[in-house]
Amino acid sequence: MTDHNAPTSVGIVTPQVASFNEPLQLSNGGQLDEYQLVYETYGTLNPAKSNAVLICHALSGHHHAAGYHSETDKRPGWWDHYIGPNKPIDTNKFFVVALNNLGGCHGSTGPNTINPATGKLWGSDFPVLRVRDWVNSQARLLDSLGIEKLAAVIGGSLGGMQAMRWTLEYPHRVGACVVVASAMKLSSQNIAFNNIARSAISKDPEWHNGHFYQVDSKPRTGLSLARKIAHVTYLSDDVMGERFGRELKSGDFTLGTHSDYEFQVESYLNYQGASFAETFDANTYMLMTRALDYFDLAREYNDDPAIAFSHAECPFLVISFTTDWRFSPQRSREIVEALLAAGKKVTFADIESSYGHDAFLLPNDRYEALFKGFMNNVAKQLAGGNNDAR
Amino acid sequence: MSQNSLLGVTTMRVDLDIIRRWVQPNSRVLDLGCGDGSLMEMLTSDGHTCIGLEINPINIQACVEKGLSVIEQNLDLGLDNFADKSIDMVVMTQTLQAVHYPDKVLQELLRVGREGVVAFPNFANWRCRYYLGFRGRMPVSKFMPYSWYDTPNIHFCTILDFEQLCRDLGISIVERVVVDEQGNSDWLTRYLPNIFGTTAIYRIKR
C-alpha cells in the first residue's frame, strides 16, 4: 500500500476554499447568490498555466482525490492509484485540480451549509442541480486560479458526464477529455436503482422531508440501505463470489443446532452502509442521484449525440470495464460511435476486470498503462515537442 | 489481429509503401486490425486522419503511446459504429485471414469506405505448395511461424480464391500488386503471381 512518503504519492495535502459572490445562474431557472467550493491541487502550475487537469468526481466523491491529510491519515484520496508522481495523471507534469462539487457534503456549498436567506441549513431546499451547473461552477473555479485552458478534463462515472459536458460547453477550454466507465445518459434500469435508493432515504422516519438537521437526526437507515443497494450494483457477481463466497462471519449450520448466523457479505454490506450513513449527507445523495438521472448529453442537440459532440474540439479517451453492468461497455461504445460520427479523434478500450463499476477506482495494469500512455501524449502536445498535428 | 510476423519486416514495409501511394491527399483512413499503428503513423505524417480498430491489448497500447486514435473492436462483429461511406479509404493488411467471416468483413469494409485496400499472404505461394505437397504438413516457416492448432490465421486464401470472392460479392479490383518475400515485384510475381507471390495487395471498390 502507498503511504505519504512514497515517491509516487503526492504526500500531505491541504484542502483550500474558493468563495464566489457573483451569482451563479442555475439550469433550473434559479440562482445561487454566493457559494464556496472546497478543492485540492497537486503538482505545479507551469508559467504558461497550460498544464492544468480537472478531476470531476462521481456520486460519492469529493475534493480529496489523492494524497493524505495528515501523517496519521490511514487512507489516501479516492483516486490515489491514478494521481501522483509517475502515475497516469502525473503530478510531475500536470497541475491537478480536484474539487467537491456544489451540493456536495465535504465542504462546498450544499444542503448541509447555511442558506443565507433563512440563516438555517439548506436541507432539501437546496436548489436542484444538473451536471452543467457543476461544469459552470468548475469553470469559475478555474477562472479564479487563472487557468484559461485545461490540458485535460477527466472523470469516471458521473464525473465522466461532467467531463463530456465540459467539451460541449467550453470546447475552447479543453485540451483533452478522458471519460471512464460513464454514459451519455442513464438507462432505465439505472434510474430505477436510483429511485429505490431515494425511496429508501425518503421513507426513513428520520428523513423529515430533508430537514433532519433541525431535529438533530439523520436518516441513517435509509441512507445505509441506499448505499448497500448501490454498492451491490457497483460490483460483479464474480467478484462478490471471490471476495465473500458463502463464508460465514458468525454462527454455523450444523444440523440439530441453531445459532444466529451472518454471512461475510452481509457483514461487509452492513459495515459499508453504516459508515457511509455517518459520513455522507442524505440530501446530497438525493441531489447527486437526481443529477445523474437528469443528465442526457444530447437532449438539447436534437437528441443526436453526434451533433452534440460536433461542438467538441479535443481528442477523447474512453474506457470501460468488461464486468461493469451499471455503466456497461455498451454505454461507452455509444459515446465512441457518436464521437466517430462527429469526426472526432477518439481512443477506446474495454478493460478486462472482474471488479464491475468499481474497477475505475482500483489498480489495474492495463488501465494504468493505457491511461498513462494517453496522458503522456497530452503532456507532449503541451510541451510542443510533438510537431505532428494529430 | 494484425499478423505482421507472417511476413518479413522488409516485405511489410514495401506493402505499406504501396498502400501509402494509393491514399488520396487529406483522406480519412480506417485501418482494420491496425496492429501497432505503423501504417497509421506513416499515413498520419502524410497528413491523413487515421482511426485504427484492433483487439489485441498490446497493440492498442502501442498505438496509444504513438498518440494514435485506436478503438478496441472485434471486426467479426461488423462496423456498425461507422456510417455508410463515412471513410475515404479503409485499409486491412494481414488481417483478412484472421477474421471469422472474411466475406462479411469485406462487405462491411466497402459499405463504410469509398475505397478499400486489402493485403494478405498468398497461401498458394510455391513454398506453401512444397510444404503441403511434398512434406504433407501445414506450412510453418519464419514467415508463418504458427502451428495449425494455435494460429490466429484461420482463413488462409490464395490470390485466385480472393479474386473469385470479389467477383461473387460484386467487388471490383482497381489495382493489384503482388510481391515476393523480399518485397519485390519482378517478372515471376507478375506472370505467375499465385505461385511466386508471397503477399497480394489489392485496391478495391464497389
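Note that the structure is a prediction, hence the values are computed from the model and not measured. (Residues numbered from 1 in each chain as written. Chains lettered and ligands numbered in written order. Predicted model: local features only at pLDDT ≥ 70, side-chain atom pairs only at ≥ 80, totals over all residues.)

**Thoughts on the overall build of chain B**
Note the cut-off: Here a strand is any run of E in DSSP of at least two residues, a helix any run of H or I of at least four, and the numbering for each starts at the N terminus. Here the globule rule reads 2.2 Å times residues to the power 0.38, and the radius of gyration is calculated from C-alpha atoms. Exposed residues have 12 or fewer other C-beta atoms within 10 Å of their own C-beta, buried residues have 20 or more, and residues in between are partly exposed; the C-beta atoms are placed from the backbone. The contact criterion used here is simple: two residues whose C-beta atoms, placed from the backbone, lie within 7 Å are in contact.
The helix and strand inventory of chain B stands at 8 helices and 7 strands. At 16 Å, chain B has a C-alpha radius of gyration in line with the 17 Å of a compact globule built from 206 residues. Along the first, second and third principal axes, the C-alpha set of chain B runs to 45 × 35 × 30 Å. Looking at the 206 residues of chain B, the share that counts as buried comes to 48%. A sequence separation of at least 24 residues applies to 67% of the contacts in chain B between residues at least 6 apart.

**A short note on the nonpolar core**
All names here are of chain A. Rule in force here: Any set of buried Ala, Val, Leu, Ile, Met, Phe, Trp, Tyr and Cys residues joined through C-beta atoms within 7 Å is what this text calls a nonpolar core. These domain boundaries are the output of an automatic or database domain assignment.
Ranked by internal contacts, the top residues of the largest apolar core, which has 159 residues, are Val53 and Cys177. With 7 residues, the single largest contributor to this core is helix H7 (residues 282-294). Counting the residues that make up this core, at least three belong to each of domain 1 (1-185 + 296-390) and domain 2 (187-294). Among all residues touching Cys177, those that are not within four sequence positions of it are Ala152, Val153, Ala163, Met164, Trp166, Thr167, Cys314 and Phe316.

**Points about the domain arrangement of chain A**
All names here are of chain A. This is how the line gets drawn: Residue polarity follows a fixed list, in which Ala, Val, Leu, Ile, Met, Phe, Trp, Tyr, Cys and Pro are nonpolar, Asp, Glu, Lys and Arg are charged, and the others, Gly among them, are polar.
As far as domains go, chain A holds domain 1 (1-185 + 296-390) and domain 2 (187-294). Relative to domain 2, the C-alpha centre of domain 1 lies at a distance of 26 Å. Of the residues lining the interface, 24 residues belong to domain 1; the matching set on domain 2 comes to 23 residues. Of the residues that constitute the side of domain 1 that touches domain 2, the class distribution is 10 nonpolar, 11 polar and 3 charged.

**Some words on the interface of chain A and chain B**
Of the residues lining the interface, 20 residues belong to chain A; the matching set on chain B comes to 15 residues. For the side of chain A that touches chain B, the elements supplying multiple residues, two or more each, are helix H9 (329-341), strand S16 (346-351) and helix H10 (365-383) of chain A. Ranked by residue count, the leading element in the side of chain A that touches chain B is H10(A), at 6 residues. When the residues that make up the side of chain A that touches chain B are grouped by side-chain class, the tally is 9 nonpolar, 4 polar and 7 charged.

**Some remarks on the packing of helix H1 (residues 131-144) of chain A against helix H2 (residues 158-169) of chain A**
Relative placement of two packed helices is described by the angle separating their axes and the distance separating the axes. All names here are of chain A. Rule in force here: Each axis is a line fitted through C-alpha atoms, and for a helix only the stretch in contact is used; angles between axes span 0 to 180 degrees, taken between their N-to-C directions. Working definition: roughly parallel below 35 degrees, roughly antiparallel above 145 degrees, roughly perpendicular at 65 to 115 degrees, and oblique for all remaining angles. Note on convention: the crossing is left-handed when the near helix lies turned anticlockwise from the far helix by less than a right angle, right-handed when the turn is clockwise.
Two numbers describe how H1 lies on H2: the axes approach to 9 Å, and their chain directions differ by 70°. Relative to H2, the element H1 lies roughly perpendicular. Classified by chirality, the crossing of H2 by H1 is right-handed. On H2, the residues touching Val131, Arg132, Trp134 and Val135 of H1 are Met161, Gln162, Arg165, Trp166 and Glu169. Tallied by class, residues from the contact of H1 with H2 come to 5 nonpolar, 1 polar and 3 charged.

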